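Structural characterization, general
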Amino acid sequence: IDEVFAAIYFLYVKPLKSNLDSPFVRENFDPDDLAFCDDILVKVSRSFAAVIRQLPSTMLVDILVFYLVLRALDTIEDDTTSFPSQ
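Quick word on the nonpolar core
Nonpolar side chains tend toward joint burial in soluble globular proteins. Residues C37, L41, A49, I52, L64, Y67 and L68 constitute the largest nonpolar core, which totals seven residues. Elements with a contribution of two residues or more to this core: α3 (31-44), α4 (46-53) and α5 (57-78). Here this core takes three residues from α5, the largest share from any one element. Not counting residues within four places of it along the chain, the set of residues in contact with Y67 comprises L41, V44, S45, F48 and I52.

This is the structure:
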């Protein structure tokens, strides 16, 4: 029940603020690229997306891109039909 309460609290009472809107991120990265990465992040990992968005703005984008690359590699590795054994 504590997890349900926490989910409701962070969804409605005090939502988590994303550091993707920080001045550092806006000044140093393309907004269209960030929007794309954020959209993909939410699709591949809703729970971890919230954690990544809370990272300090100086490391957020690096971790975001690194995570997406690792997820892509994991998907390729898990798809055994792409590489038939001989």
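The structure having been displayed, the exposition proceeds.
With respect to the packing of aromatic side chains
Tallying each qualifying case throughout the model produces three aromatic pairs. Each ring, one from F24 and one from F29, has its centre 6.5 Å from the other, and the planes form 70°; the classification is edge-to-face.

A look at the packing of α3 against α5
One way to put it is that α3 packs onto α5 with a least axis distance of 10 Å and a crossing angle of 50°. The pairing of α3 with α5 is recorded here as oblique in orientation. The handedness of the crossing between α3 and α5 comes out as left-handed. Each of L34, C37, I40, L41 and V44 in α3 lies in contact with α5, whose residues at this interface are V61, L64, V65, Y67, L68 and R71. Tallied by class, the residues present in the contact of α3 with α5 amount to ten nonpolar, no polar and one charged.

Thresholds applied
Residues numbered from 1 in each chain as written. Predicted model: local features only at pLDDT ≥ 70, side-chain atom pairs only at ≥ 80, totals over all residues. Heavy atoms only, no water. Core = buried A, V, L, I, M, F, W, Y, C linked by side-chain atoms within 4.5 Å. Buried < 20%, exposed > 50% of the residue type's maximum accessible area, 1.4 Å probe, protein only. Helix = DSSP H or I, 4+ residues; strand = E, 2+ residues; numbered from the N terminus. Contact = heavy atoms within 4.5 Å. Phe/Tyr/Trp six-rings, centres within 6.5 Å; stacked < 30°, edge-to-face > 60°. Axes fitted to C-alpha atoms, helices over the stretch in contact; angles between N-to-C directions. Parallel < 35°, antiparallel > 145°, perpendicular 65-115°, else oblique. Left-handed = near helix turned anticlockwise from the far one by under 90°. Nonpolar A, V, L, I, M, F, W, Y, C, P; charged D, E, K, R; others polar.

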